Amino acid sequence: MTEIVATELLAPGITSYVLAAPKIARRARPGQFVILRATGDGERIPITIADTDPDAGTIRIIVQAIGKTTTVMAGLGAGGHLSDVAGPLGMPSDIRLVGTAVTIGGGVGTAIAFPVTRALKAACNEVIAIVGGRSREYVILEDELATAADEVYPCTDDGSYGYPGFVTGKLQELIDQGRHLDFVLAVGPVPMMRAVAEVTRPHGIETVVSLNPIMVDGTGMCGGCRVEVGGTTRFACVDGPEFDAHLVDFALLERRNRAYRWWENWRMRELTDAGERQ
Amino acid sequence: MTTTKREKMRMVRVAMPEQQPSERRWNFDEVNLGLSEALAVAEAQRCLFCANPPCVAGCPVNISIDAFIARVAEGDFSGAAAIIKSDNSLPAICGRVCPQEEQCEGSCVLANKQKPIAIGYLERFVADWERNRGETAPPQIAAPTGKRVAVVGSGPAGLACATDLARAGHQVTVFEALHSPGGVLVYGIPEFRLPKAIVAAEIDGLRDLGVTFETNAVIGLIDTLDDLLDTEGFDAVFVGVGAGLPRFMGIPGENLVGVYSANEFLTRVNLMKAYAPGADTPVFDLYQKRVAVFGGGNTAMDSVRTALRLGAAWAGIVYRRSEEEMPARIEEVHHARDEGVDIVTLTAPLAFTGDEQGSLTSMRLQKMALGEPDDSGRRRPVPIEGSEYEVPVDVVVVAIGNQPNPLLMKTSPDLTHTRWGTVVVDPETGRTAKRGVFAGGDIVTGGATVILAMGAGRRAAAAIDDYLSTGEWWDGTTQTR
Ligand SMILES: Cc1cc2nc3c(=O)[nH]c(=O)nc-3n(C[C@H](O)[C@H](O)[C@H](O)COP(=O)(O)OP(=O)(O)OC[C@H]3O[C@@H](n4cnc5c(N)ncnc54)[C@H](O)[C@@H]3O)c2cc1C
Ligand SMILES: Cc1cc2nc3c(=O)[nH]c(=O)nc-3n(C[C@H](O)[C@H](O)[C@H](O)COP(=O)(O)OP(=O)(O)OC[C@H]3O[C@@H](n4cnc5c(N)ncnc54)[C@H](O)[C@@H]3O)c2cc1C
Ligand code: SF4
Ligand code: SF4
Ligand code: FES
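Residues numbered from 1 in each chain as written. Chains lettered and ligands numbered in written order. Predicted model: local features only at pLDDT ≥ 70, side-chain atom pairs only at ≥ 80, totals over all residues. Heavy atoms only, no water.

S.K.: Explanation requested: the domain arrangement of chain B in the structure shown.
M.R.: Interface size, as often reported, equals the accessible area lost upon joining of the parts. Residue and element names in this part refer to chain B. Considered domain by domain, chain B is made up of domain 1 (5–133), domain 2 (148–244 + 404–470) and domain 3 (248–401). Summarising the inter-unit geometry, the C-alpha centres of domain 1 and domain 3 are found 31 Å apart. When domain 1 packs against domain 3, the two sides together hide about 1400 Å² of surface, and 49% of this comes from carbon and sulfur. Where domain 1 touches domain 3, the interface holds one salt bridge. One salt bridge connects arginine 24 with glutamate 339, and the closest N-O pair in it is separated by 2.6 Å. Viewed at the interface, domain 3 and domain 1 are joined by 14 residue pairs in polar contact (both at pLDDT 80 or more). Among the elements of the structure, helix H2 (21–24) and helix H7 (91–97) are those that each provide at least two residues to the side of domain 1 that touches domain 3. (Domains from an automatic or database assignment. Buried area = accessible area lost by both parts, 1.4 Å probe. Salt bridge = Lys/Arg side-chain N within 4 Å of Asp/Glu carboxyl O. Polar contact = N/O pair within 3.5 Å; in protein donor to acceptor, adjacent residues only side chain to side chain. Helix = DSSP H or I, 4+ residues; strand = E, 2+ residues; numbered from the N terminus.)

Here you go:
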């Protein structure tokens, strides 16, 4: 059992949790994740470690409620418990001095981009953060990013705040302005990551994406998280989750992530029905 | 009543009462129902109590089979249990899953002339009898030694090692990567062959011995072996992390939606209980679907029979050699066939094809012929040109074996390993190249058996006990804390 120390609603459906996990707090490096189960008979889901406080013995995770487990979690507050939290899992981000780095977070992907952004800054890079959201209220972590990055550009799909349009539009704009970019990290929905890869490809800018395939164990045991990178099969939970964006087969990732869509919908319907009956 | 040898030879081997195939193919309850006391005693009385029993030599942990069967024949089940338990700490499990035909029963003198004594069924009977009675003699535990041992991995190797160490008075913590302990016994072998309540009872027994279980602990990531020894204050470590890395075939279409590794398929169904109504973790809806399983071992049999129970209209094994070469337990092959599993031998896959959604729709197969024996002594399958054909299929399970998972090895550069990724140890003691670290089970042998893993865990426990009392390592150095 892992105690939830604090929660905060960051945007509609997006909650930040502070968890008491002293050992993970000491070990975790940017880019790593945990696998958690909310309840004793629940599914194992991967969630990135957005922040750590080794002294307080806590980690922070930021979760978007999109299916059953994450919706159940949204109902938990401080003092509540998660049944299991295993981590840190995955390879840490490869943080080095590259020059000018751009980190791009779309939606809850910003939570994943955030610790990497800070680490890139700490490694003496010039860091530009681009944060995307559907509309103003969905742009998360802007204040935290402002303390971590040199420049922060919020973008909204509906133009209600910051740059009007997709994160790729903003990235293209920077490139068109003649900014010299050495490295791009993009985390968000698959179509967004694929679009970022296409923007940087012609310019030969090193681009990394953090992939989100369906996982079960997170230790390399099941192979359910396999992705194709440069024509080779890799297990995202142990070989990743970060990979070279220009080599990732995004279409395959998208198809594999849809594998249980029927089940996810049905399970959510059950959850809503149960809620309505109460 | 004394029975002459001649009379005994005329008696028939007991048949295991089992659920009817037509019924059990729809449920996950155990197939074998277990012997009654009367059946067990009758079977035991068939034993010739050989002077130099070959069955004992055939058992990897050399259980005093003749002695325990003698007790069963007299109706002294608790005496029989004590004998078994002195060599095997997991008899309820081994009695169910050991490949007896290659081990104890295969060596029984009756194996050729008549039918071997049903040693596995009797072992299972005794263990179940003792567990169901509920009152086992309190375990003998030596005085606390003040030494702490970390056991990494909670499969049969780790559990057996922890048992002996705890009995020897050491303080044992078992670290398990998953959320529940048991290793392959819980995530791999299905309920219908090994009820999870039995594994849980064994683990409770270990807790009673004072063993602590830390689940969700992926060693190599949360702590390295050095951390365990240097920071966490453990005096020795046993590594029993198994061979949990699934092998794929490397053929086109293997990443289509609908192609599972056996590990993923079985983990979803067993550990995550995808078969039970209301479970949170999904598995593809197999109702009225066609499911092909590639491989010929226990993992393949477990997968195909699971698929059948999930409602598959057609569930088949596709194996590239002939049935004789199948490494699965014979009983499982028979059970599978009785349940309606199709066994297609001398056939190998060439490719999988999918629709525009990326979902599997068909497989391309090729017929094989048996050629010259290969390194393993089995005849090598050779493709027959022009025999390719295409068949529709909805779900494929790849069950061609597992390799050691490199996760722990990556952070333990001072362990030596073979080019197959298995850890190199001294076979007698399980000592690795790293001071204070021992290993055993599938991580050392590659995918093997429960009883071999258990035996390795016990040998390592004895060596760890020795190391902890003397402080002597194989290089001759002595270290005292
Ligand atoms: C390495 C990694 C890091 C992630 N980090 C975050 C994060 O920081 N914050 C966040 O909100 N989300 C994160 N995700 C996504 C998150 O795991 C899924 O949103 C979550 O599993 C949904 O579970 P559910 O039961 O609520 O929804 P479901 O109804 O089960 O599924 C909804 C969606 O989640 C995907 N999904 C379902 N099960 C899994 C699974 N076991 N593993 C991965 N994806 C799954 C499905 O493809 C589907 O698109 C991450 C995913 C990965 C692989
Ligand atoms: C489906 C299937 C059916 C089988 N059927 C039979 C059978 O009928 N009869 C038979 O004799 N054998 C059978 N086997 C083989 C047998 O199960 C194995 O040989 C045996 O379980 C090996 O035991 P082990 O303790 O070495 O490893 P495992 O049982 O694999 O246990 C290893 C444990 O270590 C954990 N672990 C791994 N890495 C780490 C880490 N870094 N940190 C912490 N924990 C870690 C794993 O999660 C796992 O729980 C079967 C195997 C499978 C897969
Ligand atoms: S442990 Fe296995 S091999 Fe040994 S006697 Fe029991 S069933 Fe036979
Ligand atoms: S070899 Fe067979 S008959 Fe002889 S003691 Fe062993 S089980 Fe009994
Ligand atoms: S999640 Fe099972 S191998 Fe990656």
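Having put the structure on the table, let's press on.
S.K.: What is the right way to read the sheet that holds strand S1 (residues 148–152) of chain B from this model?
M.R.: Two strands in a sheet stick together by hydrogen bonds in their backbones, pointing the same way (parallel) or opposite ways (antiparallel). All names here are of chain B. Taken in spatial order, the five strands make up an open sheet running S3-S2-S1-S4-S16, and their pairing is parallel. Whereas interior strands pair on both sides, the edge strands pair on one side only; in this sheet they are strand S3 (212–214) and strand S16 (437–439). Looking at each pair of strands side by side, their axes are set apart by 20 degrees on average, direction ignored. Here strand S4 (residues 236–239) runs beside S16; their pairing, made up of three bridges, is parallel. (Pairing = 2+ DSSP bridges. Axes fitted to C-alpha atoms, helices over the stretch in contact; angles between N-to-C directions.)

S.K.: Help me out: how do you make sense of the pattern of salt bridges in this one?
M.R.: A pair can form between side chains of opposite charge whenever their charged atoms are brought close. Residue and element names in this part refer to chain B. Tallied over the entire structure, the rule returns 44 salt bridges over all chains. The residue glutamate 331 makes a salt bridge to arginine 329 at a minimum N-O spacing of 3.3 Å. On the basis of relative accessibility, which here comes to 15%, the residue glutamate 331 falls in the buried class. Overall, arginine 329 belongs to the buried group, its relative accessible area being 3%. We note a salt bridge from glutamate 390 to arginine 364, for which the minimum N-O separation is 3.1 Å. You can see glutamate 390 sitting in strand S13 (residues 389–392) and its partner arginine 364 sitting in strand S11 (residues 360–373), a full 26 residues away along the chain. You can call arginine 364 partly exposed: its relative accessible area is 33%. (Buried < 20%, exposed > 50% of the residue type's maximum accessible area, 1.4 Å probe, protein only.)

S.K.: Before we go on, may I ask you to explain the interface of chain B and chain A in this structure?
M.R.: Between chain B and chain A, the residue contacts involve 40 residues of the former and 41 residues of the latter. Carbon and sulfur atoms make up 54% of the surface buried where chain B meets chain A, a total of about 3400 Å² over both sides. Contact with chain A buries surface across chain B, with B:Ile222, B:Asn255 and B:Asp280 losing the most and accounting together for 22% of the total. With a closest N to O distance of 2.6 Å, A:Lys23 and B:Asp223 form a salt bridge. Counting across the chain B and chain A interface gives 19 residue pairs in polar contact (both at pLDDT 80 or more). No other element matches helix H15 (residues 262–271) of chain B, which puts four residues into the side of chain B that touches chain A. A per-class count over the side of chain B that touches chain A returns 19 nonpolar, 11 polar and 10 charged. (Contact = heavy atoms within 4.5 Å. Nonpolar A, V, L, I, M, F, W, Y, C, P; charged D, E, K, R; others polar.)

S.K.: Where do I start with the environment of B:Gln403 in this structure?
M.R.: All names here are of chain B. The residue glutamine 403 is located in strand S15 (residues 402–403) in this model. Accessibility expressed as a relative area gives 33% for glutamine 403, which makes it partly exposed. Considering only alpha carbons, one finds glutamine 403 and tyrosine 467, 64 residues apart in sequence, at a separation of 30 Å. With residues near it in sequence (within four places) discarded, glutamine 403 still touches Ala243, Gly244, Leu245 and Arg247.

S.K.: Can you help me understand the packing of helix H3 (residues 37–45) of chain B against helix H10 (residues 119–133) of chain B in this one?
M.R.: Residue and element names in this part refer to chain B. Direction vectors running N to C along H3 and H10 enclose 140 degrees, while the axes themselves pass 10 Å from each other. Taken together, the axes of H3 and H10 are oblique relative to one another. Crossing of H3 over H10 shows left-handed handedness. Residues Glu37, Ala40, Glu43 and Ala44 of H3 form the contact with H10, whose own contacting residues are Leu122, Phe125 and Trp129. Grouping the constituent residues of the contact of H3 with H10 by class yields five nonpolar, no polar and two charged. (Parallel < 35°, antiparallel > 145°, perpendicular 65-115°, else oblique. Left-handed = near helix turned anticlockwise from the far one by under 90°.)

S.K.: What's the story with the site of ligand 4 in this structure? I'm lost.
M.R.: Every residue lining ligand 4 is accounted for by B:Cys47, B:Leu48, B:Phe49, B:Cys50, B:Pro53, B:Pro54, B:Cys55, B:Asp66, B:Cys108, B:Val109, B:Ile117 and B:Ile119. Class assignment of the residues belonging to the shell around ligand 4 gives a composition of 11 nonpolar, no polar and one charged. (Near = heavy atom within 4 Å.)

S.K.: How should I be thinking about the pairing of strand S14 (residues 395–398) of chain B in this particular structure?
M.R.: A regular strand places its side chains so that they alternate between the two faces of the sheet. Residues and elements named next belong to chain B. Of the two faces of S14, both are covered, the one formed by Val395 and Val397 as well as the one formed by Val396 and Val398. Of the pairings in the sheet, the one linking strand S6 (residues 259–261) to S14 comprises three bridges and is parallel in character. Bridge pairing in S14 places valine 259 opposite valine 396. In this structure, strand S7 (residues 290–294) lies alongside S14, joined through four bridges in parallel fashion. Paired with valine 291 across the bridge in S14 is valine 395.

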